[in-house]
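Chain by chain, the residues:
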Amino acid sequence: MAINSIGLDSSVYGEYTTGAEFVEDKTSLSNDDFMTLLLVELQNQDPTNPTDTESILTQTSQLASLESSDNTNAALEDLAASLQASNDFSSISAIGKTADLGSNAITYAEADGGSTFELYFPTDVASGSVEILDNNGNVIQTLDVETGESGVYSYTWDGKDIAGNSVDEGIYYVTASYRDSTGEDLTTRVGTYPIESVRFDAGTTFAKVGSGYIPIESIVEIY
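Presented here is an overview of the structure given in this document. Not measured: the values here are computed from a predicted model.

Calculation criteria
Residues numbered from 1 in each chain as written. Predicted model: local features only at pLDDT ≥ 70, side-chain atom pairs only at ≥ 80, totals over all residues. Heavy atoms only, no water. Helix = DSSP H or I, 4+ residues; strand = E, 2+ residues; numbered from the N terminus. Buried < 20%, exposed > 50% of the residue type's maximum accessible area, 1.4 Å probe, protein only. Contact = heavy atoms within 4.5 Å. Areas by Shrake-Rupley, 256 points an atom, 1.4 Å probe, with all protein chains shown as cover. Patch = residues over 30% accessible without salt bridge, like charges linked within 9 Å, V, L, I, M, F, W, Y side chains within 5 Å. Salt bridge = Lys/Arg side-chain N within 4 Å of Asp/Glu carboxyl O. Lys, Arg positive; Asp, Glu negative; His and termini not counted. Charge placed at Lys NZ, Arg CZ, Asp CG, Glu CD. Phe/Tyr/Trp six-rings, centres within 6.5 Å; stacked < 30°, edge-to-face > 60°. Pairing = 2+ DSSP bridges. Polar contact = N/O pair within 3.5 Å; in protein donor to acceptor, adjacent residues only side chain to side chain. Core = buried A, V, L, I, M, F, W, Y, C linked by side-chain atoms within 4.5 Å.

## Comments concerning the overall build of the chain
Thought 1: Within the chain, the secondary structure is distributed over three helices and 12 strands.
Thought 2: Per-residue burial over the chain gives 28% buried out of 223 residues.
Thought 3: Counting contacts in the chain only where the partners sit at least 6 residues apart, residues at least 24 apart contribute 61% of the total.
Thought 4: Accessible surface, the chain: about 14,200 Å² in total, of which carbon and sulfur atoms supply 51%.

Next comes the structure, spelled out in structure tokens:
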């Protein structure tokens, strides 16, 4: 059993904290503080030289402005919370739809021993091939497409071209051409995946696409 600093079960009573840890911030005045000061000023004014009406009206006007500002800030905070909740709801509604990340690029680095990437096939696959393209759109290597049901599949390219030569490190592009069980010819590419779930973490919304999570703002289109 964990014991806090005053000998009680911390799982029940929590950690003990002293009053010194709860010092109220008095570096700024609230509208209540402002009203208290105004009343004290009126109560302690010199009877032979009372505060003039114009001064009281000025201070009262300042109090009204302060209260209006507090109300406005509170309303803005409520609006921000409402908008955040609305955005969260919109993100949840994206589950089950397809996310387009806007690029089918992959990175090849020799030190990594190859480049691993994922492709999403929205229908079942009967046959087909994966094409690796260079910056000029030329097919430099092809990989066999796995036959199977629709879903996300992982592939690894060893960094060699069709002739077996090692290519330069850099950016390459991936597409796939395949035929489904009905005989229809289809295409897909890296960068389009189904959104499987949504996660909220430290004010940021993440979407699960493929085998990992990415910030939802990285998604270019959802359909």
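Don't stop here, the text continues.
## Considerations on a negative patch on the surface
Thought 1: Together, Glu110, Asp112, Asp168 and Glu169 give the surface a local cluster of negative charge.
Thought 2: You can see Asp112 is positioned in the loop between β2 (105–108) and β3 (115–121).
Thought 3: The class of Asp112 is exposed, set by a relative accessible area of 61%.

## Comments concerning the pattern of salt bridges
Thought 1: Taken as a whole and assessed by the stated rule, the structure comprises three salt bridges.
Thought 2: For the salt bridge of Arg179 with Asp185, the shortest nitrogen-to-oxygen distance reads 2.8 Å.
Thought 3: Take Arg179: its relative accessible area is 40%, and that puts it in the partly exposed class.
Thought 4: Relative accessible area serves as the criterion here: at 53%, Asp185 is assigned to the exposed category.

## Describing the packing of aromatic side chains
Thought 1: In total, this model carries five aromatic pairs according to the counting rule given.
Thought 2: Measuring from centroid to centroid gives 6.0 Å for Phe117 and Tyr155, while their planes differ by 20 degrees, and the two rings are stacked. Linking Phe117 in strand β3 with Tyr155 in strand β6 (residues 151–157), this pair joins segments that are 38 residues apart in sequence. For the residue pair Phe117 and Tyr155, the accessibility class agrees, reading buried in each case.
Thought 3: A centroid spacing of 5.9 Å and a plane angle of 70 degrees characterise the contact between Phe121 and Tyr153, whose relative ring orientation is edge-to-face. Here Tyr153 lies in strand β6 and Phe121 lies in strand β3, a separation of 32 residues in the sequence.

## Some remarks on the environment of Leu143
Thought 1: By the element assignment, Leu143 lies in strand β5 (residues 139–144).
Thought 2: For the pair Leu143 and Ile162, spaced 19 residues apart in sequence, the C-alpha to C-alpha distance is 9.9 Å.
Thought 3: Excluding anything up to four places from it in sequence, Leu143 contacts Phe117, Ser129, Val130, Tyr155, Thr156 and Trp157.

## Points about the sheet that holds strand β12 (residues 221–222)
Thought 1: Strands sit in the order β11-β10-β9-β1-β12 across an open sheet of five strands; the sheet is antiparallel. Since the sheet does not close on itself, it has two edges, and those belong to β11 (212–215) and β12, each with one partner.

## Concerning the pairing of strand β7 (residues 170–179)
Thought 1: With four bridges joining them, β2 and β7 adopt antiparallel strand pairing. Bridge assignment links Ala105 to a residue of β7, and that residue is Tyr173.
Thought 2: One ladder, built from seven bridges, connects strand β4 (residues 127–133) with β7; its direction is antiparallel. Note that in β7 the partner of Ile132 across the bridge is Val174.
Thought 3: Between β7 and the antiparallel strand that follows it, strand β8 (residues 185–189), lie five residues; Gly183 among them carries a positive phi value of about 90 degrees.

## With respect to the side chain of Thr192
Thought 1: Checked against the element boundaries, Thr192 lands in strand β9 (residues 192–201).
Thought 2: At 3.3 Å, the side chain of Thr192 and the backbone oxygen of Arg189 are in polar contact.
Thought 3: Excluding anything up to four places from it in sequence, Thr192 contacts Thr98, Ala99, Asp100, Tyr120 and Tyr223.

## A few points about a nonpolar patch on the surface
Thought 1: A contiguous nonpolar surface patch, about 260 Å² in accessible area, is contributed by Ile92, Ile95 and Phe200.
Thought 2: Looking at the secondary structure, you find Phe200 in strand β9.

## A word on the nonpolar core
Thought 1: Ranked by internal contacts, the top residues of the largest apolar core, which has 31 residues, are Phe117, Leu119, Phe121, Val130, Tyr155 and Trp157.
Thought 2: In this view, Leu119 contacts Val130, Gly151, Val152, Tyr153, Tyr155, Val174, Ala176, Thr188, Arg189, Val190 and Tyr193; residues no more than four positions away in its chain are not counted.

## Remarks on the pairing of β5
Thought 1: When β4 meets β5, the two strands line up antiparallel, connected through five bridges. Within β5, the residue paired with Val130 across the bridge is Leu143.
Thought 2: Between β4 and β5, which pair antiparallel and follow one another directly, the connecting turn spans five residues, one of which, Gly137, has a positive phi of 85 degrees.

Scope: geometric values only; no functional claims are made or implied.
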